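# What the coordinates show
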Amino acid sequence: EVQLVESGGGLVKPGGSLRLSCAASQFTFSSYNMNWVRQAPGKGLEWVSSISSSSNNIYYADSVKGRFTISRDNAKNSVFLQMNSLRVEDTAVYYCTREAIRGGRLDAFDIWGQGTMVTVSS
Amino acid sequence: AIQMTQSPSSLSASVGDTVTITCRASQDIRNDLGWYQQKPGKAPKLLIYGASSLQTGVPSRFSGSGSGTDFSLTISRLQPEDFATYYCQHDYDYPPTFGQGTKVEFK
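Below you will find a few notes about this structure. (Residues numbered from 1 in each chain as written. Chains lettered and ligands numbered in written order. Predicted model: local features only at pLDDT ≥ 70, side-chain atom pairs only at ≥ 80, totals over all residues. Heavy atoms only, no water.)

## A word on the state of the cysteines
Residue and element names in this part refer to chain A. Enumeration according to the criterion identifies two disulfides over all chains in this entry. The disulfide bridge from C22 ends at C96, spanning 2.1 Å between sulfur atoms. When the S-S torsion is -75°, as for the bridge of C22 with C96, the disulfide is left-handed. Here C22 is found in strand 3 (residues 18-25), whereas its partner C96 is found in strand 9 (residues 92-99), with 74 residues between them in sequence. (Disulfide = S-S within 2.5 Å. Helix = DSSP H or I, 4+ residues; strand = E, 2+ residues; numbered from the N terminus.)

The structure is reproduced here in C-alpha cells:
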C-alpha cells in the first residue's frame, strides 16, 4: 500500500525548534514532488512548503519563509521539515503529502500521511 | 497569492439529497483545481483533480465542474459516509492555496 508516515511532532516552547520526518513506502519516491500542509486546531488547511523530486525547486509559504527548511533524502525515501524560531501560531497538525504526476508544474496532492501534531506553547 | 473562496461555509442535508459546493478563484486558474474530503481526525482525501476528473476509487456520485474562476463540487445521492468537510485547492501556481472549507452536516 502506498503510504506516508510522519513523525517528530511534539510540544516545544516558543522560539524552539523541531524536525519533522516523513517516510514514504510502496512508490518510487524519487519521482515525486513532496509537500507539507498544516492544519491549526479547528481551522482549515494551509500549504506550507514544497520540494521537487530532485530538490532543485523549493517553495515556502510566506508565513514560514526564513524559519522552516524542507529537504529530502531519496535514498531513504524520506522528506523532512526543519522548523526553527517556532511561534504559537505554528501549532497545527502537519501533513506530508505527495503531489501527483500529470505533467504540470504543480498538481493535486493525491497521497496524505496521517499527520503529526506540533504544539508550540510556553 | 490566489485567493480561493468557498460557499457555503456549511450546509445541512439528508441522506439521498444532492448538494453542490462552489469555489471561486481570485484569478483565472484554468482547470487547475482539486477537491478534497476530510473527516474528523483524519487526513484529507483527494476526490477530484483537474476540476472534473474523478480520482481513482472515488464513487461516481462525486462530480466536479468549472474552469477559469468558478468551480463546483456536486455530491449526488448523499450517503452517510459523505458527511464531512470539503476543501477546494488550486494547483495553478505557488502558493497552492485552499478554500476555507465547507462542512456538510446531517439535517
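## Comments concerning unusual backbone geometry
The residue after B:S7, namely B:P8, is reached through a cis peptide bond having omega -5°. Within the secondary structure layout, B:P8 lies in the loop between strand 1 (4-7) and strand 2 (10-13). Between B:Y94 and B:P95 the backbone carries a cis peptide bond, its omega angle lying at -5°. Tracing the backbone shows B:P95 in the loop between strand 9 (85-90) and strand 10 (102-106). A positive phi angle is found at A:N77, which is not glycine, with a value near 50°. As for its placement among the helices and strands, A:N77 is situated in the loop between strand 7 (68-73) and strand 8 (78-83). For A:N77, a relative accessible area of 29% translates into the label partly exposed. (Buried < 20%, exposed > 50% of the residue type's maximum accessible area, 1.4 Å probe, protein only.)

## Focus on the pairing of strand 1 (residues 3-7) of chain A
All names here are of chain A. The side-chain alternation of strand 1 yields one buried face, formed by L4 and E6, and one unburied face, formed by Q3, V5 and S7. Across five bridges, the pairing between strand 1 and strand 3 is antiparallel. Directly across from E6, in strand 3, lies its bridge partner C22. (Pairing = 2+ DSSP bridges.)

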